[in-house]
Amino acid sequence: MTTDRIFTVENVTLRFGGVVSLNDVNLFQNRGEILAVIGPNGAGKTSLFNSLTGVYQPQEGEITFMGRDAKPMSIIGRKAHRVSSAGVARTFQASRMFSALTAFENVKIGAESHKGFGVVGAMLKGPRTRRNEKESDATTIRLMDFVGLRQKANVIAASLSYGDRRRLEIARGLATNPEVLLLDEPAAGTNPAEKLGLATLIRRVRDEMGVSILLIEHDMKLVMSLAERLYVLNFGSVIADGTPAEIRANPAVIEAYLGSSADETEELA
Amino acid sequence: MKAFVKRPFVSHLLTSIGAMAIFELMTGPPGSSTTPTAGFTGSFGERASFFGLFATYRFVVFLALAVIVSGVWTLWQSRGSVIKHGVNTGLARPRAAWQLKPVRTGFFLALFIFALFLPHLETDPYWQSVMVEEIAVYVLLALGLNVVVGFAGLLDLGFVAFYAVGAYVTAWVTGALPTPAPFGIHLNAFFAIPIAIALVMIFGVLIGLPTLRLRGDYLAIVTLGFGEIVTIFANNQYGITGGSEGTNAIPHFSIHLWFIHYVWGLAPVPYYYLTLAFVVVFIIVFSLLEHSRVGRAWTAIREDEVAAESIGINPLKYKVMAFAIGAASAGFAGVVTAGQTIFVNPQSFTLPVSINILALVIFGGMGSIAGVVVGAVLIQTVSMYLLHSPPAGYQSSDLYIYLGAALVLMMIFRPAGLIPSRRRRREIGMAEAGEGHMDEVLTGDTP
């Protein structure tokens with residue numbers, strides 16, 4: 001194992017009763033890479049994400065996360081909030097905002113969740129709390145700027161458009177100061193113009209913030225233009241991996257997609 | 001004919017008359033085995049006064065009420081969406097006047113000053129003791145439950161357990177239990193305050209750690225169970241708690257510090273001021289908490305636990321914190337009850353008390369400190385008034401009919417409570433509009 005692999009997934013199997021959701025999955029992600037996982041519906045992509053973030057606990061196999069401190073850490077057996085503290089941020093397929101809070105508050109919660117605090121200090125706004133709040137506010141404003149939502153900082157999250165919600169979720173994830181950002185179908189429900197903006201944003205997250213990106217996406221055009229490497233999942237197993245060009249030419253991939261939906265194959269071709 | 005009945009006003013009127021007929025039966029005189037129909041005929045035919053204006057029969061009064069109800073109903077149907085819509089879009093607009101901070105602070109100050117003078121305005125001994133035992137104590141309980149239910153969104157049906165523990169700890173440290181007091185020192189009730197609050201908070205953590213891993217309905221059932229366990233324990237363990245006979249005499253509060261000597265006696269007013277001071281402290285502490293990062297984390301967990309966890313919030317930690325902090329004010333309420341009534345028995349800590357506290361919180365507005373204070377004062381005052389000077393035909397057990405009806409009406413017309421919290425109101429608005437997730441399972445690829 002080399003130190004520049006941020007994620008190493010070895011022989012991971014995840015079952016729900018008799019249903020095998022992930023079957024002996026092996027994959028890895030290099031630091032600073034934009035990696036995509038594609039596959040037909042029900043292939044296990046979101047299950048993989050949930051396993052990587054500690055929401056699901058696979059029965060077999062090992063998932064290793066390597067932070068900047070170059071100490072390998074096992075994800076399995078860790079609670080989701082611990083995984084987040086270690087430096088793994090994520091967004092959700094159906095975007096999950098704290099919808100009654102403003103956009104600003106959404107991001108701020110992410111920014112302050114990893115700072116230590118005392119209840120009494122937090123309550124009485126002691127010097128440490130005030131310093132922390134100032135920092136969190138600065139981080140929040142910087143990130144709102146970064147994703148282009150500065151103008152909408154005081155808007156209730158629920159009244160944002162789909163595209164803006166995606167951006168907000170990315171900002172909230174980035175606020176936790178992650179090393180890798182997992183994006184679960186970031187372009188779902190957005191229009192072509194928003195898609196283009198998202199692709200630019202995702203690339204900027206990697207280039208300007210140095211955060212590795214792991215991406216699930218159905219929109220082939222977006223994936224092929226964005227990802228540097230891809231894994232293809234089908235029925236819980238990795239059936240192919242390689243660069244976009246290699247994936248396009250892979251017969252197993254074409255068959256997997258033919259088996260599910262014709263127009264997705266068209267997109268692939 | 002059918003078309004006539006289907007007209008909105010007619011159908012509303014008929015439904016209202018039906019509902020009022022049932023209401024009449026519920027509030028009417030009971031029947032007996034010798035005259036089985038007395039309950040029925042009496043419910044409708046008994047003499048009554050028309051809202052104190054002139055003498056008539058019960059059915060006339062209820063018919064009038066039915067007309068009013070159907071009128072309101074029809075109005076609500078035609079204008080309701082406008083009213084509700086106004087509520088929901090109001091969120092994005094600037095705060096309404098009563099939501100501005102100076103207005104709120106001023107409101108609290110005015111309420112506080114009024115509360116300061118209240119015992120001198122109302123000198124009836126019944127009301128003076130009600131102010132402490134039934135109003136101030138319930139304000140404390142509602143404030144505490146509001147942290148758990150309103151801020152953190154945890155449905156706790158056994159909140160009375162913390163109240164009971166606070167009271168019994170007071171009895172314990174003052175040496176009023178069959179169990180010997182800790183280290184054999186009989187403290188006076190005043191020093192029981194910090195000890196009871198600390199122990200109740202520890203109790204909250206101990207109950208919280210295993211139960212708060214559950215969500216929603218499961219948590220409600222388990223807390224219900226814990227509430228019952230505490231009451232039954234107190235009832236059955238004669239050797240420890242004195243059982244159903246209750247404790248021995250608990251000494252009154254007293255202070256003996258250097259030159260300050262003060263003893264709280266039998267009169268309720270000194271207790272009133274002691275409790276009022278703590279109510280103010282708890283209001284300040286809880287509202288500071290609400291607006292700190294702890295409050296934000298609670299909101300995040302309440303809205304979407306999975307998302308909160310994904311950004312590094314430990315839900316269990318914050319939930320346990322909510323339990324312990326909410327328990328603190330209930331614990332203090334227990335100390336006051338124990339200190340003032342000099343005597344504690346398990347019958348004061350039954351399930352209906354838990355439900356009553358929850359009703360106060362829901363009525364006042366979950367998550368809104370101003371709301372639960374006003375709601376608790378209002379409901380407790382009305383129910384104590386009804387108990388003290390019941391109108392003709394009112395039996396004390398009828399209280400829950402009216403309370404239930406008030407809650408139902410509240411849920412229809414002001415679902416976020418009397419004085420709603422901004423965040424809660426948005427959540428309810430969005431849930432009605434079908435947005436936001438109440439408690440949906442982690443979605444996979446399923447469309």
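Everything discussed here concerns the structure shown above.
Owing to the predicted nature of the structure, the values given are computational and were not obtained by experimental measurement.

**With respect to the environment of B:G144**
Part 1: Relative to the elements of secondary structure, B:G144 occurs in helix α6 (residues 125-151).
Part 2: Discounting residues that sit within four places of it in the chain, B:G144 has contacts with B:F159, B:F286, B:G326 and B:S329.

**Here we look at the packing of helix α5 (residues 127-147) of chain A against helix α6 (residues 162-175) of chain A**
Residue and element names in this part refer to chain A.
Part 1: One can describe the packing of α5 onto α6 by two numbers: an axis separation of 9 Å at closest approach and a directional angle of 140 degrees. The orientation of α5 with respect to α6, classified from their angle, is oblique. Judged by the sense of rotation from one axis to the other, the crossing of α5 with α6 is right-handed. Only R167, L168, I170, A171, L174 and A175 of α6 make contact with α5, whose side of the interface consists of L143, M144, F146 and V147.

**Regarding the sheet that holds strand β1 (residues 5-16) of chain A**
Residue and element names in this part refer to chain A.
Part 1: What the 4 strands build is an open sheet, ordered β2-β1-β4-β5; its pairing is antiparallel. Taken across any chain shown, the strands that pair with only one partner, and hence form the sheet edges, are β2 (19-30) and β5 (72-74). This sheet shows a mean twist of 25 degrees between the axes of neighbouring strands, independent of strand direction.
Part 2: Helix α1 (residues 45-52) rests against β1, β2 and β4 (60-66) of the sheet, and its axis sits at about 65 degrees to β2.

**A look at the interface of chain A and chain B**
Part 1: Listed as interface residues are 46 residues of chain A and, on the opposing side, 40 residues of chain B.
Part 2: Counting each side, the surface lost to burial between chain A and chain B is near 3,600 Å², with a carbon and sulfur contribution of 58%.
Part 3: In this assembly, chain A and chain B are joined by 3 salt bridges.
Part 4: Among the salt bridges present, the one from B:D304 reaches A:R96, with a minimum N-O distance of 2.7 Å.
Part 5: For the pair chain A and chain B, the number of links is 10 residue pairs in polar contact (both at pLDDT 80 or more).
Part 6: Elements with a contribution of two residues or more to the side of chain A that touches chain B: α1, α2 (80-86), β6 (88-90), α3 (103-112), α4 (119-124) and α6 of chain A.
Part 7: A total of 5 residues in the side of chain A that touches chain B trace back to one element, the largest contributor, which is α3(A).
Part 8: Across the side of chain A that touches chain B, the residue classes break down as 19 nonpolar, 15 polar and 12 charged.

About the thresholds
Residues numbered from 1 in each chain as written. Chains lettered and ligands numbered in written order. Predicted model: local features only at pLDDT ≥ 70, side-chain atom pairs only at ≥ 80, totals over all residues. Heavy atoms only, no water. Helix = DSSP H or I, 4+ residues; strand = E, 2+ residues; numbered from the N terminus. Contact = heavy atoms within 4.5 Å. Axes fitted to C-alpha atoms, helices over the stretch in contact; angles between N-to-C directions. Parallel < 35°, antiparallel > 145°, perpendicular 65-115°, else oblique. Left-handed = near helix turned anticlockwise from the far one by under 90°. Pairing = 2+ DSSP bridges. Buried area = accessible area lost by both parts, 1.4 Å probe. Salt bridge = Lys/Arg side-chain N within 4 Å of Asp/Glu carboxyl O. Polar contact = N/O pair within 3.5 Å; in protein donor to acceptor, adjacent residues only side chain to side chain. Nonpolar A, V, L, I, M, F, W, Y, C, P; charged D, E, K, R; others polar.

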